[in-house]
Amino acid sequence: MSDIASLDLATQTRDLLSSLGVDDRRLSAQGLAITVRSPVNGQTLGHVASATVEETNAAIERAHGAFLTWRRIPAPRRGELVRLLGEELRANKDALGRLVSIEVGKSPSEGLGEVQEMIDICDFAVGLSRQLCGLTIATERAEHRMMETWHPIGVVGVISAFNFPVAVWAWNAALALVCGDSVVWKPSEKTPLTAIATDAILRRAITRFNASGDAAPDGLAELAVGGRETGAALVAHPRVPLVSATGSTEMGRIVGRELASRFGRAILELGGNNAAIVTPSADLDLALRGVAFAAMGTAGQRCTTLRRLFVHSSVYDAFVPRLKAAFSSVSVGSPLEGHLVGPLIDHAALERMQEALAAAMELGATVHGGERVDVGAPQAFYARPALVETPVHDGPVLDETFAPILYVLPYDDLEDAISLQNDVPQGLSSAIFTTDLREAELFLSARGSDCGIANVNIGTSGAEIGGAFGGEKATGGGRESGSDSWKGYMRRATNTINYGRDLPLAQGVTFDVG
Ligand code: NAD
């Protein structure tokens, strides 16, 4: 193993940013600045200027002006800009993926996977740009036509979390841009560098778009780097009719309330407390791989990470010891050197993990793993994933701890397991491992999982962009990415047109003034 403490990630970061067209002076901000560290070895990567509230408000005003122009450009032309963005992302996939790995601590394949997700949503949005459509609805009045039209909504505020620092922006921005909206993005204060790099990639796409004879208005896509105050300015601004906010349930509670108070729209993508059920008929080899990746991948820092596992008592002894072996043998260390479990984002995350494990032990749980792993870099926080056999579905089991902890409980009756699975505040992702059709269909039925995502023989994490992504209850209820999520980025008008000479009123009402 190389000495990760002396790995010069700061120089690599400067080189990557400069290859992506970012002036390296942006890493040496003075005054109101955010210090960016790599969780891989704790090294400081740079200091990035933070937007003031005034600067954020000015960005919103620019975006509003841009929206007034952009909404007049035909949607397929707007799609052309997103097509070019997809091309630029393809061309810069390696550099941006590497930067994601350095700034968030993801493995190279996960860093690249995140950029691939951006490319995929661009492809989806380009197709969508020729398919934005409304219904024609039968009317009760003769010689009338009733229909729905969908119009751009305005400035879309995007607030993103650290763990998918760029894909979440793309999920929102690609759709918003083809829908005719402008975008102001407030990335996580823990990951501003990947946001700055993505913004530079978008600028390149805009330059090519403008060279092809179109004109993307100034302010079409703004970046406001900053902390909560910057996000709060976006949420408060009356010129932002929609905010798509991804992060903790705690954040969503504040943002949702603020938006509701001014009748702003929200797409909230918040915390999950995802569960899987392993039934007696499950293919245990497949289940083992599905559970292991979902629980330990990205060091447990995905909103869809598997956090609770219900195993039927008849297969508990055949399955759980194998899972324990996988937890105790998985390689923990620098993701840049091929280890499967990388770092937690910061010291606070490690502390919260240890607190949750202590609370579980107090309730009688047996904890396997979970200890800090020394990688020779004191400012980097790695932990062995914890498998926790718990006798109770209570205490920390009901919370989302953003770390690799899997609580395991035996069950005897599938309906009881489904009921426990649903008995948490969050409702994001869920899975069942079974080869029994009846069990699978029950799980997917109205009596089954209450989550926005319910899978069969696949883990809880790793969604594709084609489906609508999001969850119920304390996960916020938002949907983004595929399917008809685009409707969230537009406003709907119902139009009724009378092409006759009479004026029949609806419901047979008469009002004869002549
Ligand atoms: P976080 O809530 O700490 O921060 C998320 C973003 O919200 C950041 O940009 C932050 O600056 C901003 N923010 C925080 N408070 C705010 C406020 N009062 N007003 C405006 N903006 C505010 O979350 P995090 O630690 O970056 O990310 C981890 C969390 O995100 C987990 O709970 C995870 O489950 C969730 N997440 C959810 C999804 C999903 O799609 N459901 C996806 C990724 C992450």
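For every chain, the first residue of its written sequence is number 1, and the numbers climb from 1 along that sequence. Whole-chain, interface and lining totals are the exception, using all residues; otherwise, since this is a predicted model, local features are given only for residues with pLDDT of at least 70 and side-chain atom pairs are given and counted only at 80 or more. Each side-chain value is worked out from all heavy atoms of the structure, with water and hydrogens disregarded.

An unreviewed UniProt entry annotates the protein chain as aldehyde dehydrogenase (NAD(+)) originating from Acetobacter nitrogenifigens DSM 23921 = NBRC 105050. UniProt positions are given in the numbering used here, feature names are shortened, and annotations may be inferred rather than shown by experiment. Taken verbatim from the UniProt record of the protein chain, the Subunit (unreviewed entry) comment is "Homotetramer."

You can read the domains of the protein chain as domain 1 (4–270 + 476–494) and domain 2 (274–466). An automatic or database domain assignment provides the domain bounds reported here. Measuring from the centre of the C-alpha atoms in domain 1 to the corresponding centre in domain 2 gives 30 Å. Contacts between the two partners involve 32 residues from domain 1, matched on the other side by 27 residues from domain 2. Values labelled buried area give the accessible surface lost by two parts on being combined, using a 1.4 Å probe and summing over both. Both sides of the domain 1 and domain 2 interface together cover about 2,200 Å² of buried area, and 64% of this is carbon and sulfur. One salt bridge connects lysine 190 with aspartate 346, and the closest N-O pair in it is separated by 3.8 Å. Each helix is a run of DSSP H or I of at least 4 residues and each strand a run of E of at least 2, with the numbering of both proceeding from the N terminus. Of all the secondary-structure elements, those providing two or more residues to the side of domain 1 that touches domain 2 are α4 (93–104) and α5 (108–128). Counting residues per element, the side of domain 1 that touches domain 2 draws most heavily on α5, which supplies six residues. Classes in brief: Ala, Val, Leu, Ile, Met, Phe, Trp, Tyr, Cys and Pro nonpolar; Asp, Glu, Lys and Arg charged; the others, Gly included, polar. Class assignment for the residues of the side of domain 1 that touches domain 2 results in 15 nonpolar, nine polar and eight charged. Should any heavy atoms of two residues lie within 4.5 Å, those residues are considered in contact. Note on definitions: salt bridges are taken to be side-chain nitrogens of Lys or Arg within 4 Å of carboxyl oxygens of Asp or Glu.

Outside of glycine, negative phi angles account for most residues, and trans bonds account for most peptide bonds. Backbone geometry at alanine 299 places phi at a positive 50 degrees, although glycine is not the residue there. The topology assignment puts alanine 299 in the loop between α10 (284–296) and β11 (306–312). Any residue under 20% of the maximum accessible area for its type is buried, any over 50% is exposed, and the rest in between are partly exposed; the area is computed with a 1.4 Å probe on protein chains only. What makes alanine 299 buried here is its relative accessible area of 2%. Of note, the phi angle at glutamine 507 is positive, near 60 degrees, even though the residue is not glycine. With respect to the helices, strands and loops of the structure, glutamine 507 is situated in the segment after β23 (490–498).

Another point: the UniProt feature "active site" (unreviewed entry) in the protein chain. Within this numbering scheme, the UniProt entry marks Glu269 as carrying the feature "active site" (unreviewed entry). For glutamate 269, the location among the structural elements is in strand β9 (residues 265–269). When its relative accessible area of 4% is taken as the criterion, glutamate 269 is described as buried. In this structure, glutamate 269 is in contact with Ala245, Thr246, Gly247, Phe469, Gly470, Thr475, Gly478, Arg479 and Glu480, ignoring residues within four places of it in sequence.

Take the site of the ligand next. Think of it this way: one heavy atom of a residue within 4 Å of a molecule or strand is enough to make that residue near it. Close to the ligand lie 28 residues; Lys186, Glu189, Ser248, Leu270 and Glu400 are nearest. Lysine 186 places a side-chain nitrogen or oxygen 2.6 Å from an oxygen atom of the ligand. Here a polar contact means two N or O atoms within 3.5 Å. Within protein one must be a hydrogen donor candidate and the other an acceptor candidate, and residues neighboring in sequence count only if both atoms are side-chain atoms. One nitrogen or oxygen atom from the main chain of leucine 270 is found 2.8 Å from a nitrogen atom belonging to the ligand. To be clear on the numbers: accessible area is Shrake-Rupley with a 1.4 Å probe, and residue cover counts the displayed protein chains and nothing else. Calculation on the ligand without its partners gives an accessible area of 850 Å², and the protein chains cover 92% of this total. Those elements that provide at least two residues to the shell around the ligand are α8 (228–236) and α9 (249–261). Here the residues of the shell around the ligand are counted per class, giving 13 nonpolar, 10 polar and five charged. Both of domain 1 (4–270 + 476–494) and domain 2 (274–466) provide at least three residues apiece to the shell around the ligand.

Working rule for helices: expected span equals 1.5 Å times residues minus one. In a regular helix each residue adds 1.5 Å, so 18 residues correspond to 26 Å; helix α2 (residues 53–70) covers 25 Å between its end C-alpha atoms and thus fits that length. The complete set of buried residues in α2 reads Thr56, Ala59, Ile60, Ala63, His64, Ala66, Phe67 and Trp70. The arc that holds the buried residues of α2, viewed along the axis, is 165 degrees, so those residues lie on one side. Here, the arc refers to the directions that run from the helix axis to the C-beta atoms.

In this fold, aspartate 502 is placed in the segment after β23. On a C-alpha basis, the gap between aspartate 502 and threonine 194 in space is 61 Å, while along the polypeptide they are 308 residues apart.

The subject of this paragraph is the side chain of arginine 307. Residue placement: arginine 307 occurs in strand β11. In this charge count, Lys and Arg are treated as positive and Asp and Glu as negative; neither His nor the chain ends contribute. Salt bridges are absent for the buried arginine 307, whose nearest opposite-charge side chain, glutamate 400, sits at 4.3 Å. Within the local environment of arginine 307, its side chain forms a polar contact with the backbone oxygen of threonine 401, the two atoms lying 2.9 Å apart. Of the polar contacts made by the side chain of arginine 307, one reaches the backbone oxygen of alanine 403; its length is 3.1 Å. Dropping the residues within four chain positions of it, arginine 307 is found in contact with Gly272, Asn273, Asn274, Gly300, Arg302, Glu400, Thr401, Phe402, Ala403, Ile405, Leu406 and Tyr407.

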